[in-house]
Structures are given as structure tokens and as C-alpha cells.
Amino acid sequence: MPTVSLTVNGKVVSAEVENRTLLVQLLREKLGLTGTHVGCDTSQCGACVVHINGDAVKSCTTLALQVEGTDVTTIEGLATNGELHPMQEAFRDNHALQCGFCTPGMVMAAIDLVNKNPNPDEQTVRRELEGNLCRCTGYHNIVKAIIAGGQAMGG
Amino acid sequence: MYDFTYHRASDVADAVSKVRDTGEGQFLAGGHTLIPTLKLRLAKPSDLVDLQGIANLQGISASDDGVTVKAMTTHATVAESKDVQDTIPALASLASGIGDPHVRARGTIGGSIANNDPAADYPAAVVGLGATVKTDQRDIAGDDFFTGMFETALSDGELITEVSFPKANKAAYYKFKNPASRFAIVGVFVAQTGGGVRVTVTGAAPCVFRVSEMEEALASSFSSDAIKDIKIPEDGLNSDIHAQADYRAHLVNVCARRAVDAC
Ligand SMILES: Cc1cc2nc3c(=O)[nH]c(=O)nc-3n(C[C@H](O)[C@H](O)[C@H](O)COP(=O)(O)OP(=O)(O)OC[C@H]3O[C@@H](n4cnc5c(N)ncnc54)[C@H](O)[C@@H]3O)c2cc1C
Ligand code: FES
Ligand code: FES
């Protein structure tokens, strides 16, 4: 079996994978990082979003071997010394989750969104959130949280 | 997903020989069409040859005449490119409307046009601007490139290296999108160039097509009024769960007028 080596949440890791192993399978099944979820497995819902070299992408639509040598960040890599990332904190403060299934993908998408559009307005957030589906909250509080998280990240 | 053997190509010659030397090999670009297709077991390539490491398949160059986009350039890069925004803003805007941010971060122009999905956006611009598709073997006129549903003029193992879009005097793309996938239910690209006016339609039929009646009407008067009474026959248009043929025929006129107004 081929081996893939990459950086995940700041640590260099290597794992044996099949040619067809997806990035999300590498993360969940080989590395035990089950914060990244599989919602649809058809590239639609964004529950599996992680960062590859800083860009939010769907890890269910990426092969593990494609990310050789890259820097991957998952939801587990956001908190520092037990303190939540400002975007995670904003999701909590704004009640931006109910069941929480979509939340890891939402938070990862939100951070990339804010990095690329600092202090986004509501319209920008709604447009840039097109790739993330939530079946519970109705988006309203998610959008509020991302605007607040964006301000906290800037400040 | 059936298993396959994954390879990384170091340059164009290496990619082409790896695909040709393996029985049922295929190029892998952004994977945002190919990986979902493999998951559905709709394809069974023996080998996938990843193009991401090939430096001279990446990037955009602009001149007074237009822009050249290398095959592995992502939709996000085209959308954000100052060169594309300044030279052919309609092309940047088209790229910014493909899928969602995560799809745009991975999907590439080469993969999109090689796949020729009937609802894809880029084919409308490739034909609408009279672009040229360059491969490892030849130059193919945009007009001759898209030959049918998921069919192109590419031969087996032929690799797209870049697409050159000539600058237009005015151009705009208007898409009536599927709200879930953002693919075009109907998308119309209108361009006024030195060589005349072009109106191309994607999403409505099995393959991108031009509407000559609208092109002639716009050549004599470039206004949405000039085409408001031009009806598109519904014969041969797609009917599916998203829209019936008669509705798509209606949308072609609506999208064309909005594109003209946006020019
Ligand atoms: C949720 C979702 C929404 C989407 N919405 C839209 C949309 O609104 N509009 C739209 O247009 N598209 C949309 N797409 C499709 C997206 O743009 C794809 O990325 C694109 O069609 C394929 O590009 P790719 O780089 O991912 O190619 P891949 O999936 O890697 O490859 C596709 C095909 O092209 C071949 N190929 C790739 N590169 C080359 C090359 N250089 N030369 C020859 N052959 C090559 C491959 O062998 C394969 O057969 C969507 C996709 C998803 C998952
Ligand atoms: S699980 Fe990846 S997009 Fe839904
Ligand atoms: S909180 Fe349940 S799916 Fe979003």
C-alpha cells in the first residue's frame, strides 16, 4: 500500500492508505480525527470541509494521495491551549448549532470565508456559505455567528 | 469506488505517456467531477494520473488581445485574477458563480471543459468568445471543441494545456442556476467582438449551442429589446426534474436579455 505524508494540525504524520482512500477517511479512520463529518458523501453538504494549505475544501471529494506534502487543518486543530478559536466561540455564543452535525464544516468554511473577506456583511456570508448545508438551525444564527466571529478574528 | 493506481505526473509529456501506457488511465485534475463519478461507479479507470504537480499547467497571462488560462487553474483563481477581471470581466464573473467556494478551490478549467457537462458554465464562454483550446498535440477552435453531451473533440489520452480567450468589446454571462448545485438550468453568454456578436447557451440542451437569430438581431441593434420576441424552439432541449423543455426555451430568452442588459 502507498504511504502518504503530510502535516495535520501542525504535526507531521504518515499513514498507509489505499489508492482510493479519501482524505476524510484518512482523517477519521487512520488518524482518529472524527470531528470532520461525512454528511452526504456526494460533494454537496460541506460537513467534511477542512483546510488544505489554508483553503476550505471538501475532504470527501479529495483523495488522500492528492494531499501528499500539504498542510491540513481540521476542526480539532483550531483551539489553542484549551481555548476555543474565536469562530468556535462565536458559534457557541450565538446558538449557531442544534444537533452540531454540520458545525465542524461550517466553522472551517467560516474561517476561510473571513480570511478571504475580512469583516464580511450578511450578504457575503450567505453567498459564501452556499457549499454548507444545515438541516436544523435555519442558517440565521449561523450567519450571525460568522459575522461576530469575523469581528472577533479581526480584533 | 473501484480501486485504481494513483500516479503523479512531473510534466506534460510524463502525464500523457502515463495515461497512454496504462490501459484505461485517466487524468485527474481537481477531481470534483471525477471523484463523485468514481464513487457512483460510473467509471472504472485502471490508473489516475494527477496533474497538480505540473507547474506549467498553472497560471494566467493577459495581453491586449485577451487572456490565456492554463488547464489546471482553479475556478477561484480565475474569479479572483485581476488580469481576468480587467481584460474579460464576464469570464471572471462566470468563474465566480461556479458551484460553491469549496468547489471553486479545487475545480479547474481543463477538467470542466474536458468533461463537457451539459450544465457546465465554461463551455458558454469558450464558444461565446471564440476561444482556442490548446492540447499537447494541437490547437482546437472553441467552435469545434464541444461535440455532444459529455463529448469533446479530444482523442484518448490528449491533454488540454491551456485555453486562450480573445478580448471582447462587451460580454456578459447570465445564469439561471439550480439552487442546490449552482449548475446552469440555463446560462447564456453574450459577446460583442470584432468578429460580430455571439450568443451561446448552456444548460438548455445536451451541448452548448449558438442562437444565430439573436446574434443577427443584436448585430443590427445591440439591445435586449431587439431579441425580446425571438423564441427558441423547445425541440431537442432537456427535460428533467429541474425544468421542462418549454420552460428552458422560455429561460433562454430571459437569460439572453439579462445578459445583454448586463453588457
Ligand atoms: C457540488 C458541485 C457543484 C458544481 N457546480 C458547478 C457549476 O455550477 N458549474 C459548473 O460549470 N461546474 C460545476 N461543478 C463541476 C466543477 O466545476 C468541476 O470541478 C469541473 O467540472 C471538473 O473539473 P475538475 O478539475 O474537478 O476535473 P476532474 O474531476 O479532475 O476531471 C474531469 C474530467 O476531465 C478530465 N481532465 C481533467 N483535466 C484534463 C486536462 N487538462 N486535459 C484533458 N482531460 C482532462 C479527467 O480525466 C476527467 O475525465 C460542480 C461540482 C460540484 C461537486
Ligand atoms: S460529506 Fe463531503 S460534501 Fe457532504
Ligand atoms: S446543526 Fe444540525 S445540521 Fe446544522
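Throughout this description, residue numbers start from 1 for each chain and increase along the sequence as written. Note on labels: chains are lettered from A, ligands numbered from 1, in written order. Confidence filtering applies because this is a predicted model: local features only for residues at pLDDT of at least 70, side-chain atom pairs given and counted only at 80 or more, and all residues used for totals across whole chains, interfaces and linings. Excluding hydrogens and water, the side-chain figures rest on all heavy atoms present in the structure.

### A closer look at the packing of aromatic side chains
All names here are of chain B. Convention followed: Put simply, two rings from Phe, Tyr or Trp (the six-membered ring, in Trp's case) pair if the centres are within 6.5 Å, and we call them stacked under 30 degrees between planes, edge-to-face over 60, tilted for the rest. Think of it in three bands: with a 1.4 Å probe and only protein chains considered, a residue is buried below 20% of the maximum accessible area for its type, exposed above 50%, and partly exposed in between.
Summed over the entire model, instances satisfying the criterion amount to three aromatic pairs over all chains. Between the aromatic rings of Phe145 and Phe146, the centroid separation amounts to 5.0 Å while the plane-to-plane angle is 85°, which identifies the pairing as edge-to-face. A residue is classified by how much of its surface remains accessible, and Phe145, at 0% relative accessible area, is buried. With a relative accessible area of 9%, Phe146 lands in the buried category. Relative to Phe189, the ring of Tyr173 lies with its centre 6.2 Å away and its plane at 35°, an arrangement referred to as tilted.

### Observations regarding the pairing of strand β12 (residues 184-193) of chain B
Residues and elements named next belong to chain B. The test is simple: Put simply, DSSP marks the helices as runs of H or I at least four residues long and the strands as runs of E at least two long, and each gets a number from the N terminus on. Any two strands with at least two DSSP bridges between them are considered paired.
Counting buried positions over the 10 residues of β12 gives nine, a clear majority of the element. Count of turn residues in the strand β11 (residues 170-177)/β12 antiparallel hairpin: six residues, of which Arg182 carries a positive phi of about 70°. Where β12 and strand β13 (residues 196-202) come together, seven bridges link them in antiparallel fashion. Across the sheet, the residue bridging to Thr193 is Gly196, located in β13. Here β12 folds back onto β13 in antiparallel fashion, the turn holding two residues.

### Quick notes on the nonpolar core
The cut-off we apply is this: Definition used in this section: a nonpolar core is a set of buried Ala, Val, Leu, Ile, Met, Phe, Trp, Tyr and Cys residues joined via side-chain atoms within 4.5 Å. Note on contacts: a residue pair qualifies if any of its non-hydrogen atoms lie within 4.5 Å across the two residues.
Formed by 38 residues in total, the largest nonpolar core has its most connected members in Leu91, Ile113, Tyr122, Phe165 and Phe189 of chain B. The set of elements that each furnish at least two residues to this core consists of β5 (66-70), α3 (75-80), α5 (89-96), α7 (109-115), α8 (122-128), β10 (160-166), β11 and β12 of chain B. Setting aside its immediate chain neighbours within four residues, Tyr122 of chain B contacts His75, Val78, Leu91, Leu94, Ala95, Ile98, Ile109, Ser112 and Ile113 of chain B. Counting residues in hydrophobic clusters, the runner-up holds 32 residues, among them Ala15, Ile52 and Val67 of chain A together with Tyr6 of chain B.

### Points about the domain arrangement of chain B
Residue and element names in this part refer to chain B. Worth spelling out the cut-off: Those domain boundaries reflect an automatic or database domain assignment. Defined here as a combined quantity, buried area equals the accessible surface (1.4 Å probe) lost by two parts on assembly, summed across both. Definition used for salt bridges: Asp or Glu carboxyl oxygen within 4 Å of a side-chain nitrogen of Lys or Arg. Any pair of N or O atoms that falls within 3.5 Å is considered a polar contact. Within protein, one atom must be able to donate a hydrogen and the other to accept it, and sequence-neighbouring residues count only if both atoms are side-chain atoms. As a working rule, the residues Ala, Val, Leu, Ile, Met, Phe, Trp, Tyr, Cys and Pro are called nonpolar, Asp, Glu, Lys and Arg charged, and the rest polar, with Gly in that last group.
Domains assigned within chain B are domain 1 (5-50) and domain 2 (58-262). A C-alpha centroid distance of 25 Å is found between domain 1 and domain 2. Tallying the contact residues gives nine residues for domain 1 and 13 residues for domain 2. In total, about 890 Å² of surface goes out of reach between domain 1 and domain 2, with carbon and sulfur atoms giving 69% of it. The tally of links from domain 1 across to domain 2 stands at one salt bridge. For the salt bridge of Asp136 with Arg20, the shortest nitrogen-to-oxygen distance reads 3.6 Å. The tally of links between domain 1 and domain 2 comes to one residue pair in polar contact (both at pLDDT 80 or more). In terms of residue count, the dominant contributor to the side of domain 1 that touches domain 2 is helix α1 (residues 12-21) (four residues). A breakdown of the residues in the side of domain 1 that touches domain 2 according to their chemical character gives five nonpolar, three polar and one charged.

### Concerning the confidence of the model for chain B
Note the following rule: Known as pLDDT, the predictor's per-residue confidence is scaled from 0 to 100.
Per-residue confidence for chain B gives a mean pLDDT of 97; residues scoring 70 or more make up 100%. For this predicted complex, the interface score ipTM comes out at 0.96, alongside a pTM of 0.97.

### What about the sheet that holds strand β1 (residues 5-8) of chain B?
All names here are of chain B. The condition is simple: In this analysis, axes come from line fits to C-alpha atoms, helices being fitted only over the stretch in contact, and the angle between any two N-to-C directions falls in the range 0 to 180 degrees.
A sheet is described by the order of its strands in space; here three strands give the open sequence β1-β3-β2, paired in parallel fashion. The sheet terminates laterally at β1 and β2 (25-28), the two strands that pair on one side only. Put simply, the sheet's adjacent strands are angled 25° from each other on average, direction ignored. Looking at chain direction, β1 and strand β3 (residues 47-50) are connected through four bridges and run parallel. For Arg8, the partnering residue across the bridge sits in β3 and is Asp50. Across the face of the sheet, α1 comes into contact with β1, β2 and β3 while running at roughly 145° to β2.

### Some thoughts on unusual backbone geometry
A positive phi angle is found at Asn53 of chain A, which is not glycine, with a value near 45°. Mapping Asn53 of chain A onto the fold places it in the loop between β3 (49-52) and β4 (55-58). By relative accessible area, which is 51% here, Asn53 of chain A ends up exposed. Of note, Arg182 of chain B is a non-glycine position whose phi angle comes to about 70°, a positive value. In this fold, Arg182 of chain B is placed in the loop between β11 and β12. Residue classification places Arg182 of chain B among the buried residues on the basis of a relative accessible area of 5%.

### Some thoughts on helix α2 (residues 86-93) of chain A
Residue and element names in this part refer to chain A. So the rule is basically this: Here the arc refers to the directions that run from the helix axis out to each C-beta atom.
Of the positions making up α2, those classed as buried are Met87, Gln88, Ala90 and Phe91. Across the axial projection of α2, the buried residues extend over an arc of 160°, all falling on one side. Pointing more than 90 degrees away from the buried face of α2 are the exposed residues Arg92 and Asp93. Its buried side turned inward, α2 meets α3 (103-116) and α5 (140-154).

### Remarks on the packing of α2 of chain A against α3 of chain A
Angle between the axes and distance between the axes are the two parameters that describe a pair of packed helices. Residues and elements named next belong to chain A. What counts here: Note on terminology: angles under 35 degrees are roughly parallel, angles over 145 are roughly antiparallel, angles of 65 to 115 are roughly perpendicular, and the others are oblique. Note on convention: near helix rotated counterclockwise from far helix by under a right angle means a left-handed crossing. Clockwise means right-handed.
Where α2 meets α3, the axes come as close as 10 Å, and the angle between the chain directions of the two elements is 125°. Classed by the angle they form, the pair α2 and α3 counts as oblique. Seen along the crossing, α2 lies across α3 with a hand that is right-handed. On α3, the residues that touch Met87, Gln88 and Phe91 of α2 are Thr103, Met106, Val107, Ala110, Ile111 and Val114.

### Description of the domain arrangement of chain A
Residues and elements named next belong to chain A. Partitioning chain A into structural domains gives domain 1 (3-77) and domain 2 (86-152). Placing the centre of domain 1 and that of domain 2 at their C-alpha centroids yields a distance of 21 Å. Tallying the contact residues gives 18 residues for domain 1 and 14 residues for domain 2. For the pair domain 1 and domain 2, the summed buried area comes to about 1200 Å², and 60% of that belongs to carbon and sulfur atoms. Sorting the residues of domain 1 by area buried against domain 2 places His37, His51 and Ile75 first, and these three jointly supply 39% of that buried surface. Run the count over domain 1 and domain 2 and you get one salt bridge.

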